[in-house]
Amino acid sequence: HKHTEEAEHFPDGRITESDIDTKAHFLTVPVRIGWNAYESENLSFQLLEGFYAAYGIGGTTNTTVTELGIQTETSSPAFGKGQRYRSRFDYGLNIGAKATINKHYVVGLNSEFGFKRIYDVQGGLVGAIASIIPGVSTNLSLGLSVGYQF
């Protein structure tokens, strides 16, 4: 999650700009049910839905503050009291689609919509989505998978 705050202008002419870059790592366990939407000898297509649970195993928040042309950089853990992420635990809805080609090659696309507000939205893509669609999850992820099944 990367966020660039707007520049703050002070009456004395100072301008302060902050760039915040947070990288959080989660261990996620999806539980999905799939329906065969299409099946032939060389191609099958499945729709998937279910839930997921996740636990934040680590991460960092790097902040760069520029004031009067001087940059100050700080780094802190992503999780913890007063940090960027409010909670290590997350859960939500998981939806996706999967195609199996020639019974061995797999291509999938999935998305997770978190039900728990684990961090404050302060801009970026998720902030834009949250401002357009009231009540939308503030924790959204998209994934692409490519594989070979034996």
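Residues numbered from 1 in each chain as written. Predicted model: local features only at pLDDT ≥ 70, side-chain atom pairs only at ≥ 80, totals over all residues. Heavy atoms only, no water.

**Student:** Talk me through the overall build of the protein chain; I want residue IDs and the actual numbers.
**Tutor:** Scanning the protein chain from N- to C-terminus turns up one helix and eight strands. Listing each helix as α and each strand as β along the protein chain from the N terminus yields β-β-β-β-β-β-β-α-β. Among the 150 residues that make up the protein chain, the fraction classed as buried is 27%. Of the contacts formed within the protein chain by residues at least 6 apart in sequence, a portion of 59% connects residues at least 24 apart. (Helix = DSSP H or I, 4+ residues; strand = E, 2+ residues; numbered from the N terminus. Buried < 20%, exposed > 50% of the residue type's maximum accessible area, 1.4 Å probe, protein only. Contact = heavy atoms within 4.5 Å.)

**Student:** I'd love a proper account of the pattern of salt bridges, names of residues and values included.
**Tutor:** Scanning the entire structure with this criterion turns up one salt bridge. Residue aspartate 21 pairs with lysine 23 through a salt bridge whose shortest N-O separation is 3.0 Å. With relative accessibility at 47%, the residue lysine 23 sits in the partly exposed group. (Salt bridge = Lys/Arg side-chain N within 4 Å of Asp/Glu carboxyl O.)

**Student:** Any details on the pairing of strand 5 (residues 70-77)? Residues and values, ideally.
**Tutor:** Little of strand 5 sits out of view: just zero of its eight residues are buried. Counting the residues in the hairpin turn of strand 4 (residues 43-67) and strand 5 gives two residues, including leucine 68, whose phi is positive at 55°. (Pairing = 2+ DSSP bridges.)

**Student:** Give a description of the confidence of the model for the protein chain that names residues and reports values.
**Tutor:** With 81% of its residues at a pLDDT of 70 or more, the protein chain shows a mean pLDDT of 83. Within the protein chain, the lowest mean pLDDT, 53, falls on strand 1 (residues 2-4), and the highest, 94, falls on strand 6 (residues 89-101). (pLDDT = per-residue confidence, 0-100.)

**Student:** Explain the packing of aromatic side chains to me, and be specific about the residues and the numbers.
**Tutor:** Per the counting criterion, the structure on display carries seven aromatic pairs. Measuring from ring centre to ring centre gives 5.1 Å for tyrosine 55 and phenylalanine 89, while their planes differ by 55°; the resulting arrangement is tilted. Taken together, the positions of tyrosine 55 in strand 4 and phenylalanine 89 in strand 6 put the pair 34 residues apart, joining distant regions of the chain. The class for tyrosine 55 is partly exposed, based on a relative accessible area of 37%. Phenylalanine 89 gets classed as exposed once you look at its relative accessible area, which sits at 51%. For the pair tyrosine 105 and tyrosine 148, a centre-to-centre distance of 5.3 Å together with 70° between the ring planes defines the contact as edge-to-face. In this pair, tyrosine 105 is assigned in strand 7 (residues 105-114) and tyrosine 148 in strand 8 (residues 140-148), connecting sequence segments 43 residues apart. Relative accessible area serves as the criterion here: at 46%, tyrosine 105 is assigned to the partly exposed category. Take tyrosine 148: its relative accessible area is 43%, and that puts it in the partly exposed class. Among the aromatic residues, ring-to-ring pairing joins Phe26, Phe79 and Tyr85 into one connected group. (Phe/Tyr/Trp six-rings, centres within 6.5 Å; stacked < 30°, edge-to-face > 60°.)

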